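# Close look at the chain arrangement
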Amino acid sequence: GQQVMQIPQYQHVQEGEDFTTYCNSSTTLSNIQWYKQRPGGHPVFLIQLVKSGEVKKQKRLTFQFGEAKKNSSLHITATQTTDVGTYFCAGTLKTSYDKVIFGPGTSLSVIP
Amino acid sequence: DARVTQTPRHKVTEMGQEVTMRCQPILGHNTVFWYRQTMMQGLELLAYFRNRAPLDDSGMPKDRFSAEMPDATLATLKIQPSEPRDSAVYFCASGLAGTGQETQYFGPGTRLLVL
């Protein structure tokens, strides 16, 4: 079946270190979105990527969409304690409707 | 500041009882999603509505779960009878399909504990 995978599942970093999470789909995606969920909170939309090879930046966060539109990455430069949470990618598939499949998430811990 | 609202925020019940969770999507949104989140399974899509019609409920256990949208401002998720394995956080999300922007706006969730 259609799947969206993420690695790593968990990541512990020292504050100030960089962090990257990778998202891979078994199927070509129409677009990909990234969400952040703080502990005890709900997923919050960060960004959507649509074009092949697209790169977008939000302050210390850099998002990339692969050329084949099957993979994506989120890179955080110089992590801060406010970056703690779980980062989900969500890919949109072209089916009979625009089906969105969430990855399992990468849980980030930042050690002060 | 438009938000998705969910009630109740917390629910503790005994096995066998009926549980009803409610969601008010953001005004003007035409899609509603129900998700279940557990440590073991992550975010699971239970049901997806567009313009109040169910498009996908393949992730929902049909024998005890049901989802409806009586009107555009209310979505409900019912569990009858509830079981301890249903303990989880249930999120509702809404969005606007057909614009090319697939953003889902999540509610705060209902934390369900079935004893």
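Residues numbered from 1 in each chain as written. Chains lettered and ligands numbered in written order. Predicted model: local features only at pLDDT ≥ 70, side-chain atom pairs only at ≥ 80, totals over all residues. Heavy atoms only, no water.

## Some thoughts on the overall build of chain A
Broken down by element type, chain A carries zero helices and eleven strands. N-terminal to C-terminal, the α/β element order of chain A is β-β-β-β-β-β-β-β-β-β-β. A compact globule built from 112 residues would reach a C-alpha radius of gyration of about 13 Å, and chain A, at 14 Å, matches this within 12%. Viewed in the frame of its principal axes, chain A has a C-alpha envelope of about 45 × 25 × 20 Å. In chain A, which comprises 112 residues, the share counted as buried stands at 47%. Taking contacts inside chain A between residues at least 6 apart in sequence as the whole, the part at least 24 apart equals 54%. In the form shown here, chain A has an accessible surface area of approximately 5400 Å², with 52% of it arising from carbon and sulfur atoms. (Helix = DSSP H or I, 4+ residues; strand = E, 2+ residues; numbered from the N terminus. Rg over C-alpha atoms; globule rule 2.2 N^0.38 Å. Buried < 20%, exposed > 50% of the residue type's maximum accessible area, 1.4 Å probe, protein only. Contact = heavy atoms within 4.5 Å. Areas by Shrake-Rupley, 256 points an atom, 1.4 Å probe, with all protein chains shown as cover.)

## Focus: the pairing of strand S3 (residues 19-24) of chain B
Two faces belong to every sheet, and in a regular strand the side chains alternate between them. Residue and element names in this part refer to chain B. The sheet contact formed by strand S1 (residues 5-7) and S3 spans three bridges and is antiparallel. What sits directly across from Thr-5, in S3, is Gln-24. Across five bridges, the pairing between S3 and strand S8 (residues 74-79) is antiparallel. For Cys-23, the partnering residue across the bridge sits in S8 and is Ala-75. (Pairing = 2+ DSSP bridges.)

## A look at the layout of surface pockets
If you roll a probe as big as a water molecule over the atoms, it shows you where there is empty space left. Here the largest pocket defines a volume of roughly 960 Å³. In this structure, the largest pocket is lined by 40 residues; those nearest its centre are Gln37(B), Thr38(B), Gln41(B), Gly42(B) and Leu43(B). Mapped by element, the contributors of at least two residues to the lining of the largest pocket are strand S9 (85-94), strand S10 (98-102) and strand S11 (106-111) of chain A together with strand S4 (31-38), strand S5 (42-50) and strand S9 (88-95) of chain B. (1 Å grid on protein atoms, 1.4 Å probe; cavity = no way out; pocket = protein on both sides within 12 Å on 5 of 7 lines; lining within 4 Å. Points joined across faces, edges and corners; volume = space filled by probe spheres on them.)

## Here we look at empty space enclosed by the protein
In the structure shown here, the tally under the stated rule is one cavity of 30 Å³ or more. A volume near 80 Å³ is recorded for the largest cavity. Every element with two or more residues in the lining of the largest cavity is listed here: S10 of chain A together with S4 of chain B. Looking at side-chain class alone, the lining of the largest cavity contains five nonpolar, five polar and two charged residues. (Nonpolar A, V, L, I, M, F, W, Y, C, P; charged D, E, K, R; others polar.)

## So, the interface of chain A and chain B
Counting residues at the interface gives 17 residues for chain A, matched by 17 residues for chain B. Summed over both sides, the interface between chain A and chain B buries roughly 1500 Å², with carbon and sulfur atoms accounting for 53% of that surface. Per-residue buried area on chain A facing chain B is highest for His42(A), Tyr97(A) and Phe102(A); these three make up 33% of the total on that side. Between the two partners, chain A and chain B, sit one salt bridge. Of all elements in the fold, only strand S4 (31-37), strand S5 (44-49), S9 and S10 of chain A reach the threshold of two or more residues within the side of chain A that touches chain B. Across the side of chain A that touches chain B, the residue classes break down as seven nonpolar, eight polar and two charged. (Buried area = accessible area lost by both parts, 1.4 Å probe. Salt bridge = Lys/Arg side-chain N within 4 Å of Asp/Glu carboxyl O.)

## Some thoughts on the sheet that holds strand S7 (residues 65-71) of chain B
Residues and elements named next belong to chain B. Across the sheet, which stays open at both edges, the four strands sit in the order S1-S3-S8-S7 with antiparallel pairing between neighbours. Bordering the open sheet on either side are S1 and S7, each of which pairs with just one other strand. Across the sheet, the mean angle from the axis of one strand to that of its neighbour is 20 degrees, orientation sign disregarded. (Axes fitted to C-alpha atoms, helices over the stretch in contact; angles between N-to-C directions.)

## Side note on the side chain of Asp83(A)
Checked against the element boundaries, Asp83(A) lands in the loop between strand S8 (71-76) and S9. A polar atom in the side chain of Asp83(A) sits 2.7 Å from the backbone nitrogen of Gln80(A). (Polar contact = N/O pair within 3.5 Å; in protein donor to acceptor, adjacent residues only side chain to side chain.)

## Let's talk about the environment of Gln37(B)
One can find Gln37(B) in strand S4. For the pair formed by Gln37(B) and Leu112(B), sequence separation is 75 residues and the distance between their alpha carbons is 11 Å. Beyond its immediate chain neighbours, meaning those up to four positions away, Gln37(B) contacts Gln37(A), Phe88(A), Gly42(B), Leu43(B), Ala88(B), Val89(B) and Phe91(B). In terms of polar contacts, Gln37(B) uses its side chain to reach the side chain of Gln37(A), at 2.9 Å.

## Overview of the side chain of Ser72(A)
Residue and element names in this part refer to chain A. Tracing the sequence through the fold places Ser-72 in strand S8. Of the polar contacts made by the side chain of Ser-72, one reaches the side chain of Trp-34; its length is 3.0 Å. Apart from the residues within four sequence positions on either side, Ser-72 is in contact with Thr-21, Tyr-22, Cys-23, Ile-32, Trp-34, Leu-49, Gln-64 and Phe-65.

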